[in-house]
Structures are given as structure tokens and as C-alpha cells.
Amino acid sequence: MTTLQPHRISSVDALRGFALLAIVLLHNLEHYNIFGAPAAESPLLKWLDSTSYDFIFFIFAGKAYATFSLLFGFSFFIQLRNARSRGNDFRARFAWRMFLLFCFSQLHALFYNGDILLLYSVCGLILIPASSWSDKKVLVVASILMLQPFAWGKIIYALFNPQYIDTNSMFYRYAAIATETGQNGNLIETLADNIWNGQLYSNFWQVEAGRLFQTPALFLFGMWLGRKNLFVQSDTSRRFWISTLKTAGCACVPLFMLCRLVPPHIENVTILSYYSIALPMIYNFSFMAMLVSAFMLVWFKAGDGRKWQRFIIPYGKMSLTNYIFQSIIGVTLYYHFGFGLFDKVGAFGSVCIACAIFTFQLGYSRLWLRTHPQGPLEYLWKRGTWLNWQKTQSAATD
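Residues numbered from 1 in each chain as written. Predicted model: local features only at pLDDT ≥ 70, side-chain atom pairs only at ≥ 80, totals over all residues. Heavy atoms only, no water.

> Requested: an account of the overall build of the protein chain, with residues and values cited.
Across its full length, the protein chain carries 18 helices and zero strands. At 21 Å, the protein chain has a C-alpha radius of gyration in line with the 21 Å of a compact globule built from 398 residues. Each principal axis of the C-alpha distribution contributes one length, and for the protein chain these read about 55 × 50 × 40 Å. In the protein chain, which comprises 398 residues, the proportion classed as buried is 54%. Surface exposure of the protein chain reaches about 18,300 Å², of which carbon and sulfur atoms provide 68%. The average position of the 32 basic charges and that of the 19 acidic charges among the side chains of the protein chain differ by 15 Å. (Helix = DSSP H or I, 4+ residues; strand = E, 2+ residues; numbered from the N terminus. Rg over C-alpha atoms; globule rule 2.2 N^0.38 Å. Buried < 20%, exposed > 50% of the residue type's maximum accessible area, 1.4 Å probe, protein only. Areas by Shrake-Rupley, 256 points an atom, 1.4 Å probe, with all protein chains shown as cover. Lys, Arg positive; Asp, Glu negative; His and termini not counted. Charge placed at Lys NZ, Arg CZ, Asp CG, Glu CD.)

Shown next as C-alpha cells:
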């Protein structure tokens, strides 16, 4: 039986789809956290490897995650708005929804030690009180979080206490264990190691990389964009994205220079560690804002998106399903328990594998959505969120 859905904003599904495509490209280049590659056998292959790696990391590293997180906050707003239109308070449901997301994160983390869903399930809770904040307060809090106050606090403390040492690298020892298991362990050993060392590696790294502040900031910005209806075409939204593109584009240049030129001159290891977190986070946010603005302006100019933008919509509509299963496919290909390609495939080959995974998942998404309103894991998440199955038909689905 086909159920009715509220009107979805196609530009958001397309943007989410491209963010997910960028994530699968990055994760394959990283061999799903087993870094390293064989030496290229020819000058051409060496050039292809170097170019593929540098280009994809320059364009997408830190920006794909930021876009994905921005749209998570936007989706919360849509769900909240739809629930309120029916006279329901969605906040308690959303807290339960975050618990269910935590459960999905444990499934994902069992295979891949780079899971982001656990962090999402925790940071997403900020949206519950924030839903009653004024627009101004949302922007102020989001901006403060985005500026990485903890990192700057560490830098200031180290300036006044030069003897203080903090390398911000607690994740490293767990990363070493997880990598060793991925390179040499069988399936049972890999799954068992990911229950403890893999999760400590992933979550310590995310905290130390500044994502504990960045993620809720992006959620809040996404909610604010939803409040202002800025993903729907109008003169106001077009002016906003033009202004954002210009501002972000101007900010990227000096921020990039600060990220590249200043660190070699910092001798204090604590200051260097936290400066190398704070500035790149701000730069990545500016770059992401520039990419999203350009995407939206192209979408608006075409009326309802160009063909190259719309083709990926099914992939974005099944983002949870595709995100988890692309990881399962990836670790099977690269880890020792599977095909063990971590030391056999260079950057260019990894990009080709990523494109193959994407093509397969996009085709599957198209076929699945012909007969179902949403992806299989999205369906389970929705059913679990609303509990009363008779009311699911009217539930928010974005």
C-alpha cells in the first residue's frame, strides 16, 4: 500500500545526494580508515593518483560532512513544522528519534570505525530547546559554536602557560589498534574490535577534530535556513544565496592563507594543535557555504534544477540507507576479512571503486523508490519514531 508524503523539497534531496557522493569518494580514498596505497608503477598512474587525491580532498574534505550536517538541521525543522501543522509537539518524538539514530549508529560502527551517526544522535538534542529560540539567538549560538571556542580557549591558555603540553591526539592509540585489526583481522575480530577500539577511535577523533562544536552549529544553521524558507525559490532566497556566495568566496581566500602560512611558524605544540583545528573548521564552513550557494543559484536559475542536479535526487532521498551500506561495501572491499584492497589500490583506482559503489546505489535507489515512498532504513526509522503505526501516514518524512 502506497502512503502519501508531504511535499518534499527536491533541491534538498539533490544537495544531500551530492554530499553523500562526496562522502563515498572521500571514504574510498581513505580506504575506510586504512590509509596508504601502493606505489604507482607508471608516471601517468602516479599523476592520476596525485591529482585525484589532491582535487577531491581540496573540494570535498570537511565540506561534504558540513553539507550533510546542515541538511540534518533543516530536516528537523521540516519535521517540526509538519508536526505542528497537525497540532502535535514533535520535540519528545525527536528525542526518541535520536535514540533510534543511536541504534543505527551502533549497527554502522560495528563495520566502520568512522561513524558519524552517534555524534549526530547526541548533538541533535540541541535542536529540541533551540526550536523555541528566536532566529537571532539561533544564529548567535551557532556562530559561537562554529568559531570553536574550546580550541581558542586552549590556545589562549597555552600562550600564558608555555610549559603546558596538549597534542590533542588521544584518538591515535585506538586508531593504531583499529588499523592493525583492519589490515590483518578476520571478520569476527574486526567486528569485535570495532565495538570498543573502533568506537573510541572514531569518537575521540571527532571530539578532538572540533566536530563536537561544529556539528550542533551546522544543525542550528540548517534549522534557521528552514525557518527562512531559503531552499525554496523566491526573490528573497535568491538574494540570500547570492550574498552568501560573495561573502563566503571573499572569506575563503584569507582563511586559506591563514591555514597554510601560519602553522609552520608556530613552535608551541599545543597552540599548533588547536590552531590547526580552529582555522580549518572556519575555512571549511566558508567553502561549504560557497558550494551550497552556487548549487542553489544554479538550481533556481533552471527553475526546478538542471538535469545533472536532479538525477541524484533518489540517492539523497535514501541517504541513511546508502550511507550505512556504502560503508559495509567499502570495508568488505578494503579490509583483510574481505578483498583486502587497502594496499593494492591507489587513489585513482579508489575513485573508480567509489564511482562504481555510487552507480550501484543510485540504480538501486531508483528501483526501490518506484514502489516504496522511502528507503528501507528510512522506513524503519520513521516507523520507530511514530510507534503508533496507524498514524505513520501523516508523519513527517523528510
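> Help me get a handle on the confidence of the model for the protein chain, residues and values and all.
Across the protein chain, pLDDT averages 93, with 95% of residues at or above 70. Low pLDDT, under 50, characterises residues 389–398; the stretch is placed with 28 contacts to residues that sit more than four places away or in other chains. (pLDDT = per-residue confidence, 0-100. Contact = heavy atoms within 4.5 Å.)

> Help me get a handle on the packing of aromatic side chains, residues and values and all.
In this structure the tally under the stated criterion is 39 aromatic pairs. Measuring from centroid to centroid gives 4.5 Å for Tyr 53 and Phe 57, while their planes differ by 25°, and the two rings are stacked. Of the two residues, Tyr 53 and Phe 57 are both situated in helix α2 (residues 43–60); the distance of four residues between them amounts to about one turn of the helix. Judged by relative accessible area, Tyr 53 falls into the partly exposed class, the value being 35%. The exposure class of Phe 57 is buried, given its relative accessible area of 19%. Between the aromatic rings of Tyr 157 and Tyr 164, the centroid separation amounts to 5.1 Å while the plane-to-plane angle is 90°, which identifies the pairing as edge-to-face. (Phe/Tyr/Trp six-rings, centres within 6.5 Å; stacked < 30°, edge-to-face > 60°.)

> Run through helix α4 (residues 91–111), naming residues and quoting values.
Over its 21 residues, α4 runs 31 Å from end to end, which matches the ideal 30 Å to within 8%, given 1.5 Å per residue. Elements in contact with the buried residues of α4: α3 (63–85), α5 (117–123), α6 (127–130), α10 (187–208), α16 (319–334) and α18 (376–386). (Expected span 1.5 Å × (residues − 1).)

> Account for unusual backbone geometry, with residues named and values stated.
Residue Gln 148 is not a glycine yet carries a positive backbone phi of 60°. With respect to the element layout, Gln 148 can be found in the loop between α7 (135–146) and α8 (149–160).

> Lay out the packing of α4 against α18 with the relevant residues and their values.
Running from N to C, α4 and α18 point in directions that differ by 140°, and their axes come no closer than 9 Å. The orientation of α4 with respect to α18, classified from their angle, is oblique. The handedness of the crossing between α4 and α18 comes out as right-handed. Between α4, through Arg 93, Trp 96, Arg 97, Met 98, Leu 100, Leu 101 and Phe 104, and α18, the contact on the second element is made entirely by Leu 377, Leu 380, Trp 381, Lys 382, Gly 384, Thr 385 and Trp 386. Counted by class, the contact of α4 with α18 contains nine nonpolar, two polar and three charged residues. (Axes fitted to C-alpha atoms, helices over the stretch in contact; angles between N-to-C directions. Parallel < 35°, antiparallel > 145°, perpendicular 65-115°, else oblique. Left-handed = near helix turned anticlockwise from the far one by under 90°. Nonpolar A, V, L, I, M, F, W, Y, C, P; charged D, E, K, R; others polar.)

> Just give me the short version of a nonpolar patch on the surface, but keep the residues and values in it.
A cluster of nonpolar residues, Trp 96, Phe 99, Phe 102 and Leu 387, forms a patch on the protein surface that exposes about 380 Å² of accessible area. Topologically, Leu 387 is positioned in the segment after α18. (Patch = residues over 30% accessible without salt bridge, like charges linked within 9 Å, V, L, I, M, F, W, Y side chains within 5 Å. Salt bridge = Lys/Arg side-chain N within 4 Å of Asp/Glu carboxyl O.)

> Describe the state of the cysteines, with residues and values.
One pass over the structure, following the stated rule, counts zero disulfides. Here Cys 250 stays unpaired: no disulfide links it, and the sulfur of Cys 252, its closest cysteine neighbor, is 9.4 Å away. (Disulfide = S-S within 2.5 Å.)

> Report on the nonpolar core, specifying residues and quantitative values.
Counting residues in each nonpolar core, the largest one holds 91 residues, and the members touching the most others are Phe 72, Leu 220, Phe 231 and Trp 241. Of the residues forming this core, the biggest block, 13 residues, is contributed by α3. Core analysis: the second largest hydrophobic core is formed by 16 residues, Cys 252, Leu 279, Tyr 283 and Phe 287 among them. (Core = buried A, V, L, I, M, F, W, Y, C linked by side-chain atoms within 4.5 Å.)

> Before we move on, could you go through the pattern of salt bridges and cite the residues and values that matter?
Throughout the structure, instances matching the rule amount to eight salt bridges. One salt bridge in this structure joins Asp 166 and Lys 154, with 2.9 Å as the shortest N-O distance. Of the two residues, Asp 166 sits in the loop between α8 and α9 (171–184) while Lys 154 sits in helix α8, which places them 12 residues apart along the sequence. One salt bridge connects Arg 310 with Asp 304, and the closest N-O pair in it is separated by 3.1 Å.

> How would you explain the packing of helix α12 (residues 235–261) against helix α13 (residues 269–301) if you had to name every residue and give the values?
With their axes 8 Å apart at the nearest point, α12 and α13 run at an angle of 150° to one another. Taken as axis vectors, α12 and α13 run roughly antiparallel relative to one another. In this structure, α12 crosses over α13, and the sense of that crossing is left-handed.

> Please set out the side chain of Asn 28 residue by residue, giving values where relevant.
Mapping Asn 28 onto the fold places it in helix α1 (residues 10–29). Among the polar contacts made by the side chain of Asn 28, one reaches the main-chain carbonyl oxygen of Val 24 at a distance of 2.7 Å. Sequence-distant contacts of Asn 28, defined by excluding residues within four places in its chain, comprise Tyr 334, Ser 350, Ile 353, Ala 354 and Ile 357. (Polar contact = N/O pair within 3.5 Å; in protein donor to acceptor, adjacent residues only side chain to side chain.)

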